[in-house]
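What follows is the residue order along each chain.
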Amino acid sequence: MTARAGLAAAIMAARPRVVAALAAQLRDLDAAEDAFAESAAACIALPEPPRDVPAWLFVAAKRRALDAIRRRQAEARMVDALAQESDMADILTLPEPIPDERLRLLFICCHPALAAEVRAPLALKVICGLPVPAIARLFVVSEPTMFQRITRAKAKVREAGIAFELPPRRDWPERLGAVLLALELAFTAAYADAGGELSAALEEDLGAEVERLALLVAELLPQEPEALGLAALVLLARSRAGARLDAAGAMVSLSQQDTAKWDYTRIAQARAMMDEAARAGRSGPYQVMAAIQLTHARRAFDGVTDWAAVLALYDVLLTLRPSPMVALSRALALAQVEGAGAGLTALEALPAERLVRARPFHAARADLLAKVGRVGEAQAALDAALALGPPRAERLWLEARRASLS
Amino acid sequence: MQFMLMINEDESAYGGPEGAALLEATLAGHMQLAQDLVAAGIPFSGERLKPAATATTVKFDAGAVSLHDGPFAETHEELGGFYIIDVASLDEAIAWAKRIPVPKGGIEVRPIWPMEG
């Protein structure tokens, strides 16, 4: 890595902490982001990179924010209070310890008073510094729409009086639910990008950004087993990134993946997090989802998949969080345990009208229909999946299966 | 900062055989809430409004003024009353809004535009 790339990476890594500390003091997300952007640009322009990048960024950003406020000649009292602190830092010329306000910022970005669909975009924008075009692509909306959503959310944070204080502990369950849901939406969106097409087009590794955010949430809330469970889930999904595509760029289904291509550091990390979560003695949907993925990961060690265990876990998940997609996954596990016929019966009992737009539904149906010898219907199901416009990697995979049935 | 907590409720909940008892319980809830606000030292005011059937709406359209018999919007929930409270944040305002007795309906929480200077 060149020194310049190293500095850029250090600036990105420092961002959550520095922006959070700025936001907590300035009580304005835009001001915090602008000040950080200016200080990051100034940092890159330095002849020599600073020794302590986060501290340099924090002090420089704070000074710039104060200048901006002075220029606006507003909120005189706040300027005085902040100016005193800043002048002290100037006099001492020692790096200020950066207060850790990341949890506060996370709770603000994922506030339940904000629409659920804007929380993850706001967190990715403000905390991770992901550019709006990338976020728009991730959530499959147009750039102007996403820009407007984020702008509106920031305005609401500013104007509606959303607290910049950490919520009291008793409110955490409700608040945590909003944080985890935001993260799950980001994860689902990033994971749908099997071929990394979005990431390549944007020169941003979206999966890595979502993983970074998930690990941050788990680090900040180590007492919350569901936060650990979700982070483990993200790690397990990411552990297979190197095995999800074949040489031609087609998607490789989980059961066909070459386990030698999995990332065992991530699997081990996920496992440790799940052990930690289990110690809290409070299970939940994210822990169960992670357990399902860990059961799949065990194929690398055991050589086979314990489908009975997977089925039992889907049964638990279905009671904790019933949804047609979970029921669909359960039907596939059932097919492995009791045969394709049983799986197909379970699948046909699902509410088709709610799944007709879901490509996995048609792909799963095709798989089970082919196994019970109903080849014509299997082909039709694959055609239905292809008609829904899958991304390239998935399209190649579906086409290969379609060809193998002819 | 100041917030207005607008009580939008289904008036018909107070009709029917159980209505009188429900209204009594709701009013008692408001009395309790007012006491709690006083005890918490929170500046507040609030009023109960007469039923939406008593409302008259003055409508403006391109300079023309007309009167309309009824509330501004014909919905199942009507503005039945409001509180104005002075608290530190939206979070605190929401916490108080959750304690307002509403048999059926919702509370709209809105920051009040601060007076300059």
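Reference entry: report on the structure contained in this document. (Residues numbered from 1 in each chain as written. Chains lettered and ligands numbered in written order. Predicted model: local features only at pLDDT ≥ 70, side-chain atom pairs only at ≥ 80, totals over all residues.)

**A closer look at the overall build of chain B**
Each helix and strand in chain B was counted, giving two helices and six strands. Shown N-terminal to C-terminal, the secondary structure of chain B runs as helices and strands in the order β-α-β-β-β-β-α-β. Per-residue burial over chain B gives 15% buried out of 117 residues. Partitioning the contacts of chain B with sequence separation of at least 6, the portion at a separation of at least 24 is 76%. (Helix = DSSP H or I, 4+ residues; strand = E, 2+ residues; numbered from the N terminus. Buried ≥ 20, exposed ≤ 12 C-beta atoms within 10 Å, placed from the backbone. Contact = placed C-beta atoms within 7 Å.)

**What to know about the environment of W113 of chain B**
Residues and elements named next belong to chain B. Within the fold, W113 resides in the segment after β6 (105–111). Taking the C-beta count within 10 Å as the criterion, W113 has 8 such neighbours and is therefore assigned exposed. A C-alpha to C-alpha distance of 26 Å links W113 and A52, two positions 61 residues apart in sequence.

**What about the interface of chain B and chain A?**
Contacts between the two partners involve five residues from chain B, matched on the other side by seven residues from chain A. Class assignment for the residues of the side of chain B that touches chain A results in three nonpolar, one polar and one charged. (Nonpolar A, V, L, I, M, F, W, Y, C, P; charged D, E, K, R; others polar.)

**Here we look at the sheet that holds strand β2 (residues 44–48) of chain B**
Residues and elements named next belong to chain B. The four strands lie next to each other as β2-β5-β1-β6, forming an open sheet whose pairing is antiparallel. Only two strands of the sheet have a single partner each, and these edge strands are β2 and β6. Across the sheet, the mean angle from the axis of one strand to that of its neighbour is 15°, orientation sign disregarded. In the sheet, β2 pairs with strand β5 (residues 78–86) via five bridges, with the strands oriented antiparallel. Bridge pairing links S45 to I84 in β5. (Pairing = 2+ DSSP bridges. Axes fitted to C-alpha atoms, helices over the stretch in contact; angles between N-to-C directions.)

**A closer look at the packing of helix α11 (residues 206–220) of chain A against helix α12 (residues 225–239) of chain A**
Residues and elements named next belong to chain A. Relative to each other, α11 and α12 sit at 155°, their axes nearing to 8 Å. Looking at the two axes, α11 sits roughly antiparallel to α12. In terms of crossing hand, the pair formed by α11 and α12 is left-handed. Contacts between α11 and α12 involve G207, V210, E211, A214, L215, V217 and A218 from the former and A227, L228, L230, A231, V234, L235 and R238 from the latter. Looking at side-chain class alone, the contact of α11 with α12 contains 11 nonpolar, one polar and two charged residues. (Parallel < 35°, antiparallel > 145°, perpendicular 65-115°, else oblique. Left-handed = near helix turned anticlockwise from the far one by under 90°.)

**Re helix α2 (residues 90–97) of chain B**
Within α2 of chain B, six of the eight residues are buried, which leaves the element mostly enclosed by the surrounding structure. Along α2 of chain B, the positions that sit buried rather than exposed are L90, D91, A93, I94, W96 and A97 of chain B.

**Some details on the nonpolar core**
Counting 135 residues, the largest nonpolar core has L22, L57, A123, L183, L213 and A231 of chain A together with L5 of chain B as its most contacted members. Setting aside anything within four residues of it in sequence, one finds L5 of chain B in contact with F82, Y83, I85, A93, W96, A97, I100, I107 and V109 of chain B. (Core = buried A, V, L, I, M, F, W, Y, C linked by C-beta atoms within 7 Å.)

**Focus: the environment of Y314 of chain A**
All names here are of chain A. Among the structural elements, Y314 can be located in helix α16 (residues 307–320). Counting along the chain gives 26 residues from Y314 to V288, while the straight-line C-alpha distance between them is 8.0 Å. What Y314 contacts, discounting residues up to four positions off in sequence, is I292, V326, S329, R330 and A333.

**Here we look at the packing of helix α1 (residues 3–26) of chain A against helix α3 (residues 53–72) of chain A**
Residue and element names in this part refer to chain A. For the pair α1 and α3, interaxial distance at closest approach is 9 Å and the crossing angle is 40°. One way to sum up the angle between α1 and α3 is to call them oblique. Crossing of α1 against α3: the hand is right-handed. Contacts between α1 and α3 involve A10, I11, A14, R17, V18, A21, L22 and L26 from the former and V53, P54, L57, F58, A61, K62 and A65 from the latter. The class makeup of the residues in the contact of α1 with α3 is 13 nonpolar, no polar and two charged.

**Observations concerning the pairing of strand β1 (residues 2–9) of chain B**
Residue and element names in this part refer to chain B. Here β1 shows a buried face lined by F3, L5, I7 and E9 and an unburied face lined by Q2, M4, M6 and N8. With seven bridges connecting them, β1 and β6 associate as antiparallel partners. Bridge pairing in β6 links N8 to G106.

**Some remarks on unusual backbone geometry**
The phi torsion at R27 of chain A lies on the positive side, around 55°, for a residue other than glycine. In this structure, R27 of chain A sits in the loop between α1 and α2 (29–45). The partly exposed category is assigned to R27 of chain A, around which 17 C-beta atoms lie within 10 Å. Of note, A62 of chain B is a non-glycine position whose phi angle comes to about 50°, a positive value. Relative to the elements of secondary structure, A62 of chain B occurs in the loop between β3 (56–61) and β4 (64–69).

**Let's talk about helix α18 (residues 340–348) of chain A**
Within an α-helix, residues lying three or four positions from one another point in the same direction, as the helix has 3.6 residues per turn. Residue and element names in this part refer to chain A. The complete set of buried residues in α18 reads A340, G343, L344 and L347. One side of α18 carries all its buried residues, which in axial view fall inside an arc of 100°. On its buried side, α18 packs onto α17 (324–338) and α20 (359–371). (Arc of directions from axis to C-beta.)

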